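This is what each chain is made of:
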Amino acid sequence: MTIFMGVRLVPQGFEFVVQRLGKYHSTLKPGLNFIIPYVDIVAYRLTTKDIPLEIGAQEAITKDNAVIVANAIAFIKIVDPVKAVYGISNYEYAIQNLVMTSLRAIIGEMELDLALSSRDIIKARLKDIISDDVTDWGILVKSVEIQDIKPSESMQKAMEQQATAERLKRAMILEAEGKKEAMIREAEGKLEAAKKEAEAQIMLAEASAKAIEDIAAAVGDKELPALFLLGDRYVYAIQKLSTSPNTKNFVLPADILGAVKGIAGRSI
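It should be emphasised that the depicted structure is a prediction, and the values quoted were computed from it without experimental measurement.

Turning to unusual backbone geometry, a few remarks are in order. The backbone phi angle of L21 is positive, close to 55°, even though this residue is not glycine. When you line up the elements, L21 lands in the loop between β2 (14-20) and β3 (23-28). Located in the positive-phi region is Y38, a residue other than glycine, with phi close to 70°.

Here it is as structure tokens:
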């Protein structure tokens, strides 16, 4: 039994910390090792392989007061077992809380859009911060990976509502711009039509004036041709008036010739 107590076989990937009479004495490397029975004891068995540490999901507040949820995983390696067991009581718990605290601090310095799209920046800063703090514990931080980073449920709902509002806003703006364009085109059309109508009236007036000049030149001082033209226009006007759909009753003058003379302002 005494010989058995003095022989220690350390597996590959592990190191044993030996205490002699309650004080650190030596570190046993992988392979066959010997200690003094009853005096030396193996106080700690530590692995020298990479250790993954899960960092649970936690909420963090960004610089613009948005709440996001992030979780991570850290890969560490014990390079000095003595510092790892005597430098801190529970290095895994300490590193997990250190990562969570540092992660909240880093996200708190970023705005929402930057935090969601900057995983590489966050993990690089996390590694730098943690590496400086855990050096005294004989631990090497090999990598820190951000597993997931996303807005909280309440924040996601708010973002969805904001996106819906933005789409409605754009749709209303497009509709208003369409109505505005239609009104402008309608007004331009009316203006163009009014210009054409005015030009037509001017042309008609000029034609009428020219016709009157030609008639006056042709008639001269002769009364009968003038009365004939006036009578013809008078009869045509009465015909148009009688065929109007708004006309219910129409009375013809008894003396059409007298009416024409009255228009002419002279008597035969």
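Right, let's talk about the packing of aromatic side chains for a bit. According to the stated counting rule, one finds 2 aromatic pairs in the structure shown. Geometrically, the ring pair formed by Y24 and Y86 is edge-to-face, given 6.1 Å between the ring centres and 70° between the ring planes. With Y24 in strand β3 and Y86 in helix α2 (residues 81-86), this residue pair connects regions lying 62 residues apart in the sequence. For Y24, a relative accessible area of 33% puts it in the partly exposed group.

Taken together, the 3 strands give an open sheet; going across it, the order is β6-β7-β8, and neighbouring strands pair in antiparallel fashion. Each edge of the open sheet carries a strand with a single partner, namely β6 (51-61) and β8 (139-151). Mean inter-strand twist for the sheet, computed between neighbouring axes without regard to direction, equals 20°.

Attention now goes to the environment of G87. Tracing the backbone through its elements, the reader meets G87 in the loop between α2 and α3 (91-108). Among the residues examined, G87 registers a relative accessible area of 45% and is labelled partly exposed. Sequence separation between G87 and D136 is 49 residues, and the spatial gap between their C-alpha atoms is 7.1 Å. Those residues in contact with G87 that lie beyond four places of it in its chain are V82 and W137.

We now examine the pattern of salt bridges. Here the idea is simple: oppositely charged side chains can pair when their charged atoms come close. Across all of its chains, the model carries 10 salt bridges by this definition. Ionic pairing is found between D50 and K142, a salt bridge with its closest N-O pair at 3.2 Å. With D50 in the loop between β5 (40-47) and β6 and K142 in strand β8, this residue pair connects regions lying 92 residues apart in the sequence. The exposure class of D50 is partly exposed, given its relative accessible area of 40%. Across the pair K179 and E175 runs a salt bridge whose closest N-O atoms are separated by 3.6 Å. Of this pair, K179 and E175 both sit in helix α6 (residues 153-219), 4 residues apart, which is roughly one turn of that helix.

Reading guide: rules and limits
- Residues numbered from 1 in each chain as written.
- Predicted model: local features only at pLDDT ≥ 70, side-chain atom pairs only at ≥ 80, totals over all residues.
- Heavy atoms only, no water.
- Helix = DSSP H or I, 4+ residues; strand = E, 2+ residues; numbered from the N terminus.
- Phe/Tyr/Trp six-rings, centres within 6.5 Å; stacked < 30°, edge-to-face > 60°.
- Buried < 20%, exposed > 50% of the residue type's maximum accessible area, 1.4 Å probe, protein only.
- Pairing = 2+ DSSP bridges.
- Axes fitted to C-alpha atoms, helices over the stretch in contact; angles between N-to-C directions.
- Contact = heavy atoms within 4.5 Å.
- Salt bridge = Lys/Arg side-chain N within 4 Å of Asp/Glu carboxyl O.

Honestly, it's all geometry; don't read function into it.
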